[in-house]
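An overview of the molecular structure
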Amino acid sequence: MPLHIIQNDITKMEVDAIVNAANTALLGGGGVDACIHSAAGASLYEECKTLGGCEVGSAKMTGAGNLPCKYVIHAVGPRYRDGKHGEAATLASCYSTSLRLAAEAKCQTIAFPLISCGIYGYPLKEGIQIACDTINDFLREHDLTVYLVIFDSKTVQFCKERELLPKFC
Ligand code: AR6
């Protein structure tokens with residue numbers, strides 16, 4: 001099954017699960033986390049409060065409040081330092097853990113933002129490569145449609161220059 005790279009606001013995606021780029025507290029923040037909590041409404045925050053946070057490189061699933069999807073998977077990406085502190089493996093683990101949770105919940109469609117590529121400072125080229133490699137590895141063994149959702153204008157421009165939009169891997 002395919003990986004699609006598309007331009008959209010992830011809160012508008014009508015898929016089974018969307019992934020949030022969260023922090024260890026799982027209680028909201030800036031970036032896509034703020035967009036998701038704002039669109040989902042208070043029930044998402046109330047459910048997140050019961051989760052006890054989440055480790056970096058891992059993910060936890062909740063309902064989706066007012067969002068058009070069924071689930072939100074809150075993944076905690078690494079803050080990028082210099083690439084020598086295990087950032088790549090930790091970022092890959094966010095994608096693979098989220099995909100595993102989605103498969104366990106019998107999701108058929110899932111949408112990811114570019115985890116860690118905003119406030120957490122992961123270099124775009126490497127962040128996109130890790131996302132595509134980890135997702136494609138998973139898709140070799142699992143039947144799932146995956147969207148990698150690009151949002152901000154700098155990232156859209158970056159992807160257009162490399163003819164990644166639209167890309168069907
Ligand atoms: N739809 C899709 N992608 C989006 C959207 C959206 N509505 N909004 C932003 N992005 P970031 P991080 C993109 O900063 O780097 C939060 O405070 C954005 O352009 O949201 O993992 C958390 O609570 C970028 O490409 O997440 C954490 O504290 C990507 O989503 C921290 O930020 C990720 O950017 C996590 O930082």
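Note that the structure is a prediction, hence the values are computed from the model and not measured.

So, how was this worked out
- Residues numbered from 1 in each chain as written.
- Predicted model: local features only at pLDDT ≥ 70, side-chain atom pairs only at ≥ 80, totals over all residues.
- Heavy atoms only, no water.
- Helix = DSSP H or I, 4+ residues; strand = E, 2+ residues; numbered from the N terminus.
- Rg over C-alpha atoms; globule rule 2.2 N^0.38 Å.
- Buried < 20%, exposed > 50% of the residue type's maximum accessible area, 1.4 Å probe, protein only.
- Contact = heavy atoms within 4.5 Å.
- Near = heavy atom within 4 Å.
- Polar contact = N/O pair within 3.5 Å; in protein donor to acceptor, adjacent residues only side chain to side chain.
- Areas by Shrake-Rupley, 256 points an atom, 1.4 Å probe, with all protein chains shown as cover.
- 1 Å grid on protein atoms, 1.4 Å probe; cavity = no way out; pocket = protein on both sides within 12 Å on 5 of 7 lines; lining within 4 Å.
- Sits in = over half its atoms within 2 Å of the grid points.
- Nonpolar A, V, L, I, M, F, W, Y, C, P; charged D, E, K, R; others polar.
- Points joined across faces, edges and corners; volume = space filled by probe spheres on them.
- Expected span 1.5 Å × (residues − 1).

Regarding its fold elements, the protein presents 5 helices and 7 strands. Helices and strands in the protein line up, N terminus first, as β-β-α-α-β-β-α-β-α-β-α-β. The C-alpha atoms of the protein give a radius of gyration of 14 Å, which matches the 15 Å a tight globule of 169 residues would have. C-alpha extents for the protein along the principal axes are approximately 40 × 35 × 30 Å. Considering the protein as a whole, with its 169 residues, one finds that 48% of them fall into the buried category.

Moving on: the environment of A105. Along the chain, the position of A105 falls in the loop between α3 (87-104) and β5 (109-112). Along the primary structure A105 and D16 are separated by 89 residues, whereas in three dimensions their C-alpha atoms are 9.4 Å apart. Sequence-distant contacts of A105, that is, excluding residues within four places in its chain, are made with M61 and Y71.

Around the ligand, the surrounding shell holds 23 residues, and the nearest of these are G30, V32, D33, I119 and D152. Taking I119, its main chain carries an N or O atom lying 2.8 Å from an oxygen atom of the ligand. Considering the ligand on its own, with 690 Å² of exposed area, one finds that the protein chains cover 93% of that surface. Among the detected pockets, the ligand sits in the largest pocket. For the shell around the ligand, a count of residues per class yields 12 nonpolar, 8 polar and 3 charged.

For the rest of this paragraph, the subject is the layout of surface pockets. Counted as a void, the largest pocket has a volume near 610 Å³. Lining the largest pocket we find 30 residues, and of these G31, V32, L114, G118 and I119 sit closest to its centre. Contributing elements (two or more residues each) for the lining of the largest pocket: β2 (17-22), α1 (31-40), β6 (145-150) and α5 (153-161). A per-element tally of the lining of the largest pocket places α1 first, with 4 residues.

A word on unusual backbone geometry. Phi is positive for K106, close to 65°, though the residue is something other than glycine. When you line up the elements, K106 lands in the loop between α3 and β5. The residue S116 is not glycine, and still its phi comes out positive at about 70°. Position of S116 among the secondary structure elements: in the loop between β5 and α4 (124-139).

This part takes up α3. Taking 1.5 Å of rise per residue, the 18 residues of α3 would be expected to cover 26 Å, and the 26 Å separating its terminal C-alpha atoms lies within 8% of that figure. Residues of α3 that are buried: E87, L91, A92, C94, Y95, T97, S98, L99, L101 and A102. Against the buried residues of α3 lie β2, β3 (59-63), β4 (71-76), β5, α4 and β6. Immediately downstream of α3, the backbone of K106 shows phi near 65°, a positive value.

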